[in-house]
There are 2 protein chains.
Amino acid sequence: MRLSQYFMPILRDDPKEAEIVSHRLMLRAGMIRQEAAGNYSWLPTGFKVLKKIEQIVREEQDRAGALEVLMPTIQPAELWKKSGRYDAYGKEMLRIKDRHDRDMLFGPTNEEMITDIFRQGVQSYKDLPRNLYHIQWKFRDEVRPRFGVMRGREFLMKDAYSFDISREAGQHSYNKMFVSYLRTFARLGLKAVPMRAETGPIGGSDSHEFLILAETGESGVFFDGDLHGMDWEKSGVNYDDVAGIAAMVEGFTSRYAATDEKHDAAEFERRVPEAKRMTGRGIEVGHIFFFGTKYSEPMGCEVQGPDGKKLFVHSGSYGIGVSRLVGGIVEASHDDAGIIWPEAVAPFQMGLVNIKVGDAAVDVACSRIYEALQAKGVDVLYDDKEGGAGGKFAAMDLIGLPWQVIVGPRGLKEGIAEVKNRKTGARENVPLDQVVGRFGA
Amino acid sequence: MRLSQYFMPILRDDPKEAEIVSHRLMLRAGMIRQEAAGNYSWLPTGFKVLKKIEQIVREEQDRAGALEVLMPTIQPAELWKKSGRYDAYGKEMLRIKDRHDRDMLFGPTNEEMITDIFRQGVQSYKDLPRNLYHIQWKFRDEVRPRFGVMRGREFLMKDAYSFDISREAGQHSYNKMFVSYLRTFARLGLKAVPMRAETGPIGGSDSHEFLILAETGESGVFFDGDLHGMDWEKSGVNYDDVAGIAAMVEGFTSRYAATDEKHDAAEFERRVPEAKRMTGRGIEVGHIFFFGTKYSEPMGCEVQGPDGKKLFVHSGSYGIGVSRLVGGIVEASHDDAGIIWPEAVAPFQMGLVNIKVGDAAVDVACSRIYEALQAKGVDVLYDDKEGGAGGKFAAMDLIGLPWQVIVGPRGLKEGIAEVKNRKTGARENVPLDQVVGRFGA
């Protein structure tokens, strides 16, 4: 993409309303734009990051056997009256009347609707287990939305719902999601720590939240350093191996991990050797719940068991804050100059900077590199706009692409371009004819 | 995907509420489920088709130089008060009050918001032309929603918005979208005819709608058969060739094409030789508008021109009904037995039917074929559930995958499977070891 044909409205000054670094950097980099309190438009680079995260989340859900559907944003109120949550949900639920004065709402979550969908489609234990998920915009009318996409009112969430014939089978479904979350966050370039959590208004018997580590995180976290030992991204996982998956989960849940709200210093010291005691700050990006028959009973969600008797299904729900993750990754990965995108979610793989637009030799050299990279399938942002080198460098650092290739008249005379790694800051002079070879598709 | 692990709740009987064939077949095939009047959940196969259509629409927008963004579903009312459309839009607009009693709305379209986004990001004529689009759920509170996803209240639409420095430049942007629409519909396996249209409530000076041909279409159409001569899918298009693109558009707009509302029989006979007079029925799936400065003036959307003076930008908007297209394709492509998906949008490339589940030899043969196809990257639905052959054949025909591979004990003894083309009904006996080779990734 040529910057001269792109839409990336960079702000020179820090926006006043931004209290946290991800909000500030995302606004400054032209990734998002506020339309109303807690309501954002995603501009081209922001949209690309959002879609890359969404796709990784989707692939790991599919790999774990979950089936993707899409429920509408607007729901009829009746469903929620049936489950008893219509009144319980309070003012965070955006209530709407349609032109015929029927009570509707903008879905804040989907336990009721998915249970209803499942109930109409499945009658027998033979059709279990099932896990249905969707990635859809939700609305929660926060009193005081803030922190940009970290706590918006309209936000993109992946929510999955499992249905099983028994407590034990349901536990396996829960464990599969647990492991798939570890893989998902690892693929996003994040270090995530699962912690036992309160079940809160969703209810149920078991719950874990997943926090990613970021210096600016909302919660303090204390955990056993062994939790970071395994390479979840590369390791193969067999989701049909009930005992193996349970052992993986046990490997995590048996080790100490707590947010500051639940932290017990004495227990931490007793259970974790000093060298392995890790502390830091974290941001919640995922939350999973096992709630058994809490929704299936009031909603009459039964299947026929092997003996012909009806049984209530055992369920769990599993959320990942997809739009929140965009902000979370920026919180976890930035420096004073701007964002540092992990390769897997960067809006472009690299930036090509022409530091003297209008100099014929530099223009030609840049165009050649740009076209060769494009032909190779490398997604490159080419800064071909007029402007000073200083401003261009600052903008490239701000938007945080993993690599920069800088071409100017001085280097050109020696036949070289400068290749810079955004994360390490390392710079290297590379012969022009070797630049393209450095970047894979 | 094994059917025994899938979620495709097929209905045995015709649903009473379905007045048209696409609504009936999509409900029966378990693609969608109604949640409220005009509000649908997309079940796994429906979701897959929707996503495939969305992706083709996206690719052709990108190819024509449009940049993807995503605006929120909920908009503040102020924007619409500024343009004067808040009161004008009437009861179709879903109006909402948030917890602080602020007026919000569920966006029925996005001219106001995108103009505001553009205005903040672009100041100079040098940054033009720009075309920004998004693919987002819209809500229009129809009095009597019906016809399934063909006329829902919550629907997925691609809407693009072009911004240019002059009338002439704006015309080129309009022409590019015109041509990209022809390519888009061709890739979807559809015959689309563009027709001059009323600008209606969007306003402006020029407008065309695109109708796809379907026997059950809502409008009668009359057109010159030459309009179907060109292979839009395969032909290369250079969108920078202003004259060439204009000539392509002229090739269409100069030929007779009209819906029954505007049809002039005398003119039709005068302009079109008898052998080329085509009549049929059509469904509107796209609509493009050139409205010049209609929104830029009231919203103060100006850029600095080459002489330093401010100029109002010239704009157009370009819609494709993405969710409507799912129904439109079913209307255009079905028979008495069910849906016939074009290859490009089919939920699976093929169906593998085991007609005697439990017969060890058949099970083994099917598993081998299934695994080999999967390894090859062929997206296959394997019916591995118990049940009679008749019901299995009927379900496969109903869901309309382009190819069926049928394996049973009798054929197996001779070492053959039956390969059936859903569209032509042609059946062929194929040696078992050649089945996999028949299907490409």
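See the structure above.
Residues numbered from 1 in each chain as written. Chains lettered and ligands numbered in written order. Predicted model: local features only at pLDDT ≥ 70, side-chain atom pairs only at ≥ 80, totals over all residues. Heavy atoms only, no water.

A. The arrangement of the overall build of chain A in detail. Secondary structure assignment for chain A yields 13 helices and 23 strands. C-alpha atoms of chain A, sized along the principal axes, occupy 85 × 60 × 40 Å. Burial status across chain A gives 57% buried among its 441 residues. By sequence separation, contacts in chain A at least 24 residues apart represent 71% of the contacts at least 6 residues apart. Here chain A carries 59 positive and 64 negative side-chain charges, and the mean point of each set is 2 Å from the other. (Helix = DSSP H or I, 4+ residues; strand = E, 2+ residues; numbered from the N terminus. Buried < 20%, exposed > 50% of the residue type's maximum accessible area, 1.4 Å probe, protein only. Contact = heavy atoms within 4.5 Å. Lys, Arg positive; Asp, Glu negative; His and termini not counted. Charge placed at Lys NZ, Arg CZ, Asp CG, Glu CD.)

B. Here's a closer look at the interface of chain A and chain B. Contacts between the two partners involve 62 residues from chain A, matched on the other side by 63 residues from chain B. Buried area between chain A and chain B, summed over both chains or domains, comes out near 4900 Å², and the portion from carbon and sulfur atoms is 58%. Summed over the shared surface of chain A and chain B, the number is 6 salt bridges. With its nearest N and O atoms 2.9 Å apart, the salt bridge here joins Asp98 of chain A to Arg153 of chain B. Counting the contacts that link chain A with chain B gives 24 residue pairs in polar contact (both at pLDDT 80 or more). (Buried area = accessible area lost by both parts, 1.4 Å probe. Salt bridge = Lys/Arg side-chain N within 4 Å of Asp/Glu carboxyl O. Polar contact = N/O pair within 3.5 Å; in protein donor to acceptor, adjacent residues only side chain to side chain.)

C. Up close: empty space enclosed by the protein. In total, this model carries 5 cavities of 30 Å³ or more according to the counting rule given. Within this model, the largest cavity holds a volume of roughly 280 Å³. For the largest cavity, the lining is made up of 22 residues, of which Lys51 and Trp137 of chain A together with Lys51, Glu54 and Trp137 of chain B are closest to its centre. Looking at the lining of the largest cavity, the elements that each hand over two or more residues are helix H2 (44–63) and strand E7 (130–139) of chain A together with helix H2 (44–63) and strand E7 (130–139) of chain B. Considered class by class, the residues forming the lining of the largest cavity number 12 nonpolar, 2 polar and 8 charged. (1 Å grid on protein atoms, 1.4 Å probe; cavity = no way out; pocket = protein on both sides within 12 Å on 5 of 7 lines; lining within 4 Å. Points joined across faces, edges and corners; volume = space filled by probe spheres on them. Nonpolar A, V, L, I, M, F, W, Y, C, P; charged D, E, K, R; others polar.)

D. Main features of helix H10 (residues 360–375) of chain B. With 16 residues, H10 of chain B extends 22 Å between its outermost C-alpha atoms, agreeing within 8% with the 22 Å of an ideal straight helix rising 1.5 Å per residue. In this fold, the buried residues of H10 of chain B make contact with strand E19 (350–354), strand E20 (380–383), strand E21 (403–407), helix H12 (409–413) and helix H13 (432–435) of chain B. (Expected span 1.5 Å × (residues − 1).)

E. Representation of the environment of Ala257 of chain B. Residues and elements named next belong to chain B. Inspection of the secondary structure assignment puts Ala257 in strand E12 (residues 257–259). The spacing of Ala257 and Met195 is 62 residues in sequence and 5.7 Å in space, taken between C-alpha atoms. With residues up to four places along the chain from it excluded, the contact list for Ala257 reads Val193, Pro194, Met195, Phe222, Phe223 and Leu227.

F. Summary view of the sheet that holds E21 of chain B. All names here are of chain B. With mixed pairing, the 5 strands of this open sheet are ordered in space as E20-E19-E21-E22-E23. Strands at the two margins of the open sheet, each flanked by one partner only, are E20 and strand E23 (427–431). The average angle at which neighbouring strand axes cross in this sheet is 25°, direction not considered. Bridge count between E19 and E20: 4 bridges; the pairing is parallel. When the bridges of E20 are listed, Met350 appears paired with Val380. Helix H11 (residues 389–399) contacts E19, E20, E21 and strand E22 (416–421) of the sheet and is inclined by roughly 175° relative to E19. (Pairing = 2+ DSSP bridges. Axes fitted to C-alpha atoms, helices over the stretch in contact; angles between N-to-C directions.)

G. Spatial organisation of the side chain of Ser124 of chain A. All names here are of chain A. Tracing the sequence through the fold places Ser124 in the loop between helix H5 (111–121) and E7. Reaching out from Ser124, the side chain makes a polar contact with the backbone nitrogen of Lys126 at a distance of 2.9 Å. Not counting residues up to four positions away in its chain, the partners in contact with Ser124 are Val303 and Gln304.

H. Fine view of the environment of Ser254 of chain B. All names here are of chain B. You can see Ser254 is positioned in the loop between helix H7 (242–253) and E12. We classify Ser254 as partly exposed; its relative accessible area is 37%. Taking the C-alpha atoms as reference, Ser254 lies 10.0 Å from Asp224; in sequence the two are 30 residues apart.

I. Structural detail: helix H10 (residues 360–375) of chain A. All names here are of chain A. Restricting attention to buried positions, one finds in H10 the residues Val362, Ala365, Cys366, Ile369, Tyr370 and Leu373. One side of H10 holds all its buried residues, which, seen down the axis, span an arc of 130°. Exposed side of H10, more than 90 degrees from the buried face: Ala360, Arg368 and Ala375 are the residues found there. The opening residue of H10, the one whose side-chain oxygen lies 3.0 Å from the backbone nitrogen of Ala361, is Asp359. One or two positions beyond H10, positive phi appears at Gly377, with a value near 85°. (Arc of directions from axis to C-beta.)

J. Spotlight on the relation of the copies chain A and chain B. With an RMSD of 0.0 Å, the fit of chain A onto chain B corresponds to turning through 180° and sliding 0.0 Å along the axis. Overall, the copies show the geometry of a two-fold rotation axis. No C-alpha of chain A lies nearer the rotation axis than that of Ile96 of chain A, which sits 3.0 Å from it. A high fraction, 100%, of the interface residues of chain A reappear at the interface in chain B, so the copies pair face to face through one surface. (Least-squares fit on C-alpha atoms with pLDDT ≥ 70 in both.)

From the geometry alone we can't say anything about function, so treat these as descriptive.
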